[in-house]
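# Reading the structure
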Amino acid sequence: MVEPVLQISDLVKSFGALRATDGVTLDLHPGEIHALIGPNGAGKSTLIHQICGTVRQDSGTIRFAGQDIGGLGVAERAQRGLGRTFQVSSLAPEFSALRNVMLAVQAKQGSSFRFFKPAMLDRSLTEPAMTVLDRVGLAERARIPASELSHGERRQLEIAIALALGSRAFLLDEPMAGMGPEGSKTLTRFLDRLRQEAPILLVEHDMDAVFALADRISVLVYGRIIATGTVEDIRRDPAVRSAYLGDHD
Amino acid sequence: MSRETVVNFILAALLLAVPLLANAVGQPFYITLATRIAILALAATGLNLALGLGGLVSFGHAAFFGIGGYAAGILATHGFSGEPLVFGLSGTNQMLVIWIVAAVTAGLAGLAIGAISLRTSGVYFIMITLAFAQMVYYFAVSWPAYGGEDGLSILVRNQFPGVSTMRPLSFFLICYVVLLAAIGLFALIRASRFGSALQAARQNPVRVATVGIRPFRIRLTAFAISAMMTALAGALFADLNRFVSPSMLSWHMSGELIVLIILGGTGRLFGPLAGAALYVIIEYALGGITERWQFFLGLILLGVVLFARGGLLGFIAGKARHG
Ligand SMILES: Nc1ncnc2c1ncn2[C@@H]1O[C@H](COP(=O)(O)OP(=O)(O)OP(=O)(O)O)[C@@H](O)[C@H]1O
Ligand SMILES: [Mg+2]
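Residues numbered from 1 in each chain as written. Chains lettered and ligands numbered in written order. Predicted model: local features only at pLDDT ≥ 70, side-chain atom pairs only at ≥ 80, totals over all residues. Heavy atoms only, no water.

With an unreviewed UniProt entry as reference, chain B is termed Branched-chain amino acid ABC transporter permease, source organism Oryzicola mucosus. Recorded in UniProt for chain B, the comment headed Subcellular location (unreviewed entry) runs: "Cell membrane". (UniProt positions renumbered as here; feature names shortened; annotations may be inferred.)

If you check an unreviewed UniProt entry, chain A appears there as ABC transporter ATP-binding protein from Oryzicola mucosus.

The structure is reproduced here in structure tokens:
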């Protein structure tokens, strides 16, 4: 079997008395979409934060591309190819969509210590940035400040930034949230193709999207993974049905 | 051309026109006033790099301003007396050399102070930068070799190749050209890749880290460049007054630089110049009438903060646009 791109073992994180992550073990294989579902407050975002380094785990290991990254800072993990989107959009609000993506392009090129050449006139930045904006369908909004984009457009912009980084794995925290049915469908088709570029750990409440996309699903409840399996396995799992899906079908 | 660009041109032209006119009609006092504006604007342009672009509210930039001033004063003193300075090196009365010494010294101080201060943010950052500047201040006060509390006089204004620096207009022109060069550099940096990272780190440091750029390094570099520019202004300020004293290092000075930026428009290219002009004009116009001119300055500042967040330039030229 091929080695997983991302492998999390026995991860634990407590906030005071609350065990937000309670011994999570989970992996992500090349070419797959692994969906992480669970009720509100289950600890999904906290898990993503620990993988990216914005929250430090209490114990457990995080291996990425064969190396232990659990002690690295956020920027170093990003440099190694972890691309993420935030549940609540996190952008440079004053910058245009284009300049937000250009920041990722320059980061990927490892060239932020250039002081004199105007970035907006630098085609080695603008062209790759426009290419990804076009891919996510934001080309026409390239010059609009991020703060003036619609909620859905900001979600798309976050994905564009992750794409521009050329990430080796994507961690998407509720990319569909607030998108509207049309937007969700478009994004579902987009993610379906994206998995060939790099595997995706997908946190999502939209079950239509999850069932359409996921190769595997893990269910997180109170910081613990109570089940992992294919869409069919999860649909049938009695523990999942009572804890999360509800017995309404 | 945007409205802001037009306003910028007008400001730059006015700052040049007033001393030329004053020179023609034999009113050197106004030349000195304009020189003061140019130098304060230069110091604030330096701070604007850290504060305006990087969001780093340094309450300690007087340290760099004073380091520049003392570099000029100390080098000039040794240049005059012929006593060697350190390691057998002699002083100098050449501005170009003084500027380099001032900028390098302040750059190193900026790296040291920044390396510690930038591990904090918000109010802590403000307080730590203040604390460092106070340390430098008390060091200068208690250093008798260079005048201590009384300060240090520069007997003859330092020299610039091919220019008679004792002529007020010539010295103004030096300051004016340095100011424009600094504003040009600020514009270049703001538009560059580094500027993108710096401004993004102000808007959203987590975003910057998430694309793989460490905000700390970006900020530290900006802080050092900012310190160097402000120190250059300090060296010119010492030459303008032909005197340096610990007051250049005091926290009042740090506060004044912040006030200039807020008055003019934070992060704006010509904000520091607009702010410095407004400040010096208020000081001059009201200072003649009442001792309490700073009270009125306070009122104006309050008005700006409450009703014109973009400062004078924001008020005249509208909202700032980024690429
Ligand atoms: N920084 C923090 N300090 C204290 N408690 C926190 C912190 N971050 C998260 N929590 C708590 O940890 C638990 C898990 O939160 P998390 O945001 O990971 O849930 P989630 O599964 O992403 O939920 P949602 O579906 O609503 O996004 C919650 O009870 C939350 O209140
Ligand atoms: Mg969440």
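### Let's talk about the overall build of chain B
Helix and strand counts for chain B stand at 13 helices and 2 strands. For 323 residues, the compact-globule estimate of 2.2 N^0.38 gives 20 Å, and chain B sits close to it at 19 Å. When the backbone C-alpha atoms are referred to their principal axes, chain B occupies close to 55 × 50 × 40 Å. Considering chain B as a whole, with its 323 residues, one finds that 54% of them fall into the buried category. By sequence separation, contacts in chain B at least 24 residues apart represent 79% of the contacts at least 6 residues apart. Accessible surface computed for chain B: about 13700 Å², of which carbon and sulfur atoms make up 69%. Charged side chains in chain B number 18 positive and 8 negative. The centres of these two groups are separated by 22 Å. (Helix = DSSP H or I, 4+ residues; strand = E, 2+ residues; numbered from the N terminus. Rg over C-alpha atoms; globule rule 2.2 N^0.38 Å. Buried < 20%, exposed > 50% of the residue type's maximum accessible area, 1.4 Å probe, protein only. Contact = heavy atoms within 4.5 Å. Areas by Shrake-Rupley, 256 points an atom, 1.4 Å probe, with all protein chains shown as cover. Lys, Arg positive; Asp, Glu negative; His and termini not counted. Charge placed at Lys NZ, Arg CZ, Asp CG, Glu CD.)

### Here's the deal with the UniProt feature "transmembrane region" (unreviewed entry) in chain B
Per the UniProt annotation, the sites labelled "transmembrane region" (unreviewed entry) are residues 36–56, 63–81, 96–116, 123–146, 166–189, 220–238, 258–282 and 294–317 of chain B. The span residues 63–81 of chain B shows a helical share of 100% and a strand share of 0%, and its end C-alpha atoms are spaced 26 Å apart.

### Structural notes on empty space enclosed by the protein
Tallied over the entire structure, the rule returns 1 cavity of 30 Å³ or more. Here the largest cavity defines a volume of roughly 50 Å³. Lining the largest cavity are C52(A), V74(A), R77(A), A78(A), L82(A), R84(A), A209(B) and T210(B). Mapped onto the lining of the largest cavity, the elements with two or more residues apiece are helix 2 (74–79) and strand 6 (82–85) of chain A together with helix 8 (205–210) of chain B. Top element by residues in the lining of the largest cavity is helix 2 of chain A. It accounts for 3 residues. Looking at side-chain class alone, the lining of the largest cavity contains 5 nonpolar, 1 polar and 2 charged residues. (1 Å grid on protein atoms, 1.4 Å probe; cavity = no way out; pocket = protein on both sides within 12 Å on 5 of 7 lines; lining within 4 Å. Points joined across faces, edges and corners; volume = space filled by probe spheres on them. Nonpolar A, V, L, I, M, F, W, Y, C, P; charged D, E, K, R; others polar.)

### Re the packing of helix 2 (residues 28–53) of chain B against helix 10 (residues 251–264) of chain B
All names here are of chain B. Relative orientation of the contacting elements helix 2 and helix 10 amounts to 85 degrees, with a least axis distance of 9 Å. Regarding the angle of helix 2 to helix 10, the classification is roughly perpendicular. The residues of helix 10 that touch helix 2, namely those facing R36, L40, A43, A44, L47, N48 and L51, are M253, E256, L257, I258, L260 and I261. (Axes fitted to C-alpha atoms, helices over the stretch in contact; angles between N-to-C directions. Parallel < 35°, antiparallel > 145°, perpendicular 65-115°, else oblique.)

### Quick look at the coordination of the magnesium ion (ligand 2)
In a perfect tetrahedron of four donors around a metal, the angles come out at 109.5 degrees. In a perfect octahedron of six, they are 90 or 180 degrees. All names here are of chain A. Distances from the magnesium ion (ligand 2) to its protein donors, namely S45 (OG) and Q87 (OE1), fall within the range 1.9 to 2.0 Å. Separated by 42 residues along the polypeptide, S45 in helix 1 (residues 44–52) and Q87 in the loop between strand 6 and helix 3 (97–109) bring together distant segments of the chain. For Q87, a relative accessible area of 34% corresponds to the partly exposed category. (Donors = N, O, S within 2.8 Å, 3.2 Å for Na, K, Ca; no water.)

### Re the site of ligand 1
Residue and element names in this part refer to chain A. In the region of ligand 1, 13 residues are neighbours, and G41, K44, S45, T46 and Q87 sit closest. Contacts to ligand 1 include G41, whose backbone N or O atom sits 2.9 Å from an oxygen atom. H205 has a polar side-chain atom sitting 2.9 Å from an oxygen atom of ligand 1. About the coverage of ligand 1: the protein hides 60% of its 630 Å² of free accessible area. Where the shell around ligand 1 is concerned, the elements lending two or more residues are strand 2 (18–28) and helix 1. (Near = heavy atom within 4 Å. Polar contact = N/O pair within 3.5 Å; in protein donor to acceptor, adjacent residues only side chain to side chain.)

### Topic: a nonpolar patch on the surface
Residues F295(B), F296(B), L299(B), L302(B), L306(B) and F307(B) make up a contiguous nonpolar surface patch of roughly 690 Å² in combined accessible area. Of note, L299(B) is situated in helix 12 (residues 293–307). (Patch = residues over 30% accessible without salt bridge, like charges linked within 9 Å, V, L, I, M, F, W, Y side chains within 5 Å. Salt bridge = Lys/Arg side-chain N within 4 Å of Asp/Glu carboxyl O.)

### Description of the layout of surface pockets
All names here are of chain B. In this structure, the second largest pocket occupies an estimated 600 Å³ of space. Lining the second largest pocket are 25 residues, with I67, Y70, I74, T105 and W143 sitting closest to its centre. Within the lining of the second largest pocket, the residues separate by chemical class into 21 nonpolar, 4 polar and no charged.

### Looking at the side chain of K13(A)
All names here are of chain A. You can see K13 is positioned in strand 1 (residues 6–15). At 3.0 Å, the side chain of K13 forms a polar contact with the backbone oxygen of R56. Discounting chain neighbours no more than four positions away, the residues touching K13 are L18, R19, A20, T21, T46, Q50, V55, R56, Q57 and D58.

### Let's talk about the interface of chain B and chain A
Every contact between the two is made by 33 residues of chain B and, on the other side, 39 residues of chain A. Roughly 3100 Å² of surface becomes buried between chain B and chain A when both sides are summed, with 58% attributable to carbon and sulfur atoms. Across the salt bridge formed by R193(B) and D122(A), the nearest N and O atoms sit 2.7 Å from each other. Connecting chain B to chain A are 17 residue pairs in polar contact (both at pLDDT 80 or more). No other element matches helix 7 (residues 193–203) of chain B, which puts 9 residues into the side of chain B that touches chain A. Counted by class, the side of chain B that touches chain A contains 14 nonpolar, 11 polar and 8 charged residues. (Buried area = accessible area lost by both parts, 1.4 Å probe.)

### A word on the pattern of salt bridges
Residues and elements named next belong to chain A. For the structure on display, the rule yields 19 salt bridges over all chains. Across the salt bridge formed by R235 and E232, the nearest N and O atoms sit 3.7 Å from each other. Residue R235 and its partner E232 are located together in helix 8 (residues 231–236), separated by 3 residues, close to a single helical turn. Salt bridges linked by common partners bring E232, D233, R235 and R236 together as one network.

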